[in-house]
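Report on the structure
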Amino acid sequence: MKTVCKLMLCLTGLLLVDGCGRRAMARTEGENPLPEWALGGFVRPAGVNPVISPDPAMRFFCPMRQDSVGWCESDTFNPGAVVHDDRICVLFRAEDNSATGIGKRTSRIGLAESRDGVTMELRDEPVLFPAEDAMKACDWPGGCEDPRVAETEDGTYVMLYTSWNRKIPRLSVATSRDLVHWTKHGPAFAKAYGGRFADLKSKSASIVTRLVGDRLVITRVGGRYLMYWGERMINVATSDNLIDWTPEVDRNGNLKGCVFPREGYFDSALTECGPPAVLTDRGIVLLYNGQNRLGEGRDRRYPARTYSAGQILFDAEDPGRVLARLDVPFFRPVDSFERSGQYKDGTVFIEGLVYFHGKWYLYYGCADSRVGVAVYDPAVRAPGDPIPDAPLDAAPQAER
């Protein structure tokens, strides 16, 4: 079967918005049908989540601390995912117990493998971490955070992660052939425009991929590799080698941006890129994380500061042009472990997406504390998470 035909089977659904993002079909209260171009709906398998949780017994000798460290004893979250040797491999962010507060501990990236997508075998030691290497100035002491991972057609794995020195978060690149041994290549934008963006605060990159047979692989768009990236707005960047990236700028030399938060919607505060984007015959589908604003201008159907997930369809011929965008999240915090944890306002933070044995597996962080999974079976039509029936009356929570 041709790639395009197989992918179309994976993108069936019900029309929800038209090309301008307007609702194009009436719905029953609470129902959340998805448009034909979108991926999903994703269903949480019964009784399996969370699939990765902290383990204080797992220790390794930390080259930064020069001591044995419980590298995943506090929280495990924000996972990337790929398929390797007929297994789903989940690369997740893990925090030690060196401090209290979001972003104040050291993060390392661990590896879990699964033959069924839900039962995980964790490697005893992290695979990417702050070490005595050329990235010391960027990775120490905050560590390596929030990996997004994708595979090239020749079997090289490319990881875009955040280097956190507790001063400037930098989007950085690492590559591997086996997912265990990684080569760090440094900040993604270090060479662009003569080094102008070397110290740019940057994170969250979604490389564009396509389905080739049963493999989701990195692809070129218009002759170059392309990624969407960013947190407070979504930007476009291109590359010829997957290591050195050039962000798109306007005629004044400023970051151009192609998607921004929307007042009154679930993504009113942030639009942060999720897992690798997928090139389809309809365009490029990007799954992203939207944060609801605190106070005025938020979507009052959802709690303030909640992270939920949306989708955007971009024009493959003009990758910065939005063709359609979901007005409500297809995935939001509903289970207790998604609404209680280190991030108490509620989070489903999506970063890992794989195609495995005919189904799509979406891996996400639960309240910055656990890892969960949801599955989309193209043979079974399912809606997105239900839309709340009425606005919330509770006052917004105080800023932390």
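Here, every reference points to the structure presented above.
Residues numbered from 1 in each chain as written. Predicted model: local features only at pLDDT ≥ 70, side-chain atom pairs only at ≥ 80, totals over all residues. Heavy atoms only, no water.

Comments concerning the side chain of E95
Here E95 shows up in strand β4 (residues 87-95). A distance of 3.1 Å separates a polar atom in the side chain of E95 from a polar atom in the side chain of R93. In terms of polar contacts, E95 uses its side chain to reach the side chain of Q342, at 3.4 Å. Discounting chain neighbours no more than four positions away, the residues touching E95 are W71, C72, E73, S74, D75, F77, G103, R105, T106, S107 and Q342. (Helix = DSSP H or I, 4+ residues; strand = E, 2+ residues; numbered from the N terminus. Polar contact = N/O pair within 3.5 Å; in protein donor to acceptor, adjacent residues only side chain to side chain. Contact = heavy atoms within 4.5 Å.)

A word on the nonpolar core
The tendency in soluble globular proteins is for nonpolar side chains to be buried as a group. Formed by 27 residues in total, the largest nonpolar core has its most connected members in F42, F330, F331 and W360. Mapped by element, the contributors of at least two residues to this core are β19 (284-291), β20 (307-314), β22 (348-356), β23 (359-366) and β24 (370-376). Beyond its immediate chain neighbours, meaning those up to four positions away, F330 contacts N32, L34, F42, L287, A309, G310, Q311, I350, L362, G384 and D385. Listed in part, the 25 residues of the second largest apolar core include M64, A112, W140 and V375. (Core = buried A, V, L, I, M, F, W, Y, C linked by side-chain atoms within 4.5 Å. Buried < 20%, exposed > 50% of the residue type's maximum accessible area, 1.4 Å probe, protein only.)

A short note on the packing of aromatic side chains
Counted according to the given criterion, the structure contains 14 aromatic pairs. Considering the side-chain rings of F189 and W229, the 4.7 Å spacing of their centres and the 55 degrees angle between planes classify their relative orientation as tilted. Separated by 40 residues along the polypeptide, F189 in the loop between β10 (183-187) and β11 (205-212) and W229 in strand β14 (residues 224-229) bring together distant segments of the chain. A relative accessible area of 2% places F189 in the buried class. According to the relative accessible area criterion, W229 is buried, its value standing at 2%. (Phe/Tyr/Trp six-rings, centres within 6.5 Å; stacked < 30°, edge-to-face > 60°.)

Describing unusual backbone geometry
Of note, the bond from G40 into G41 is cis; its omega dihedral lies within 30 degrees of zero at 5 degrees. Summarising the element assignment, G41 is placed in the loop between α1 (3-9) and β1 (60-62). Geometrically, the link from W140 to P141 is a cis peptide bond, its omega value of -5 degrees lying close to zero. Mapping P141 onto the fold places it in the loop between α2 (136-139) and β7 (143-151). For D86, which is not glycine, the phi dihedral falls at a positive 60 degrees. You can see D86 is positioned in the loop between β3 (75-84) and β4. In this structure, S204 is a non-glycine residue whose phi angle is positive, near 65 degrees. Classification of S204 by relative accessible area gives buried; the value is 1%.

Some words on the side chain of N292
Examined against the element boundaries, N292 turns out to sit in the loop between β19 and β20. One polar contact links N292 to S268, side chain to side chain, over a distance of 3.0 Å.

What to know about the sheet that holds β24
Spatial strand order, β22-β23-β24: three strands in an open sheet with antiparallel pairing. Each edge of the open sheet carries a strand with a single partner, namely β22 and β24. Sheet twist, expressed as the mean angle between neighbouring strand axes with direction ignored, is 25 degrees. Where β23 meets β24, seven bridges bridge the pair, whose relative direction is antiparallel. Among the inter-strand pairings, Y363 is bridged to a residue of β24, identified as V373. (Pairing = 2+ DSSP bridges. Axes fitted to C-alpha atoms, helices over the stretch in contact; angles between N-to-C directions.)

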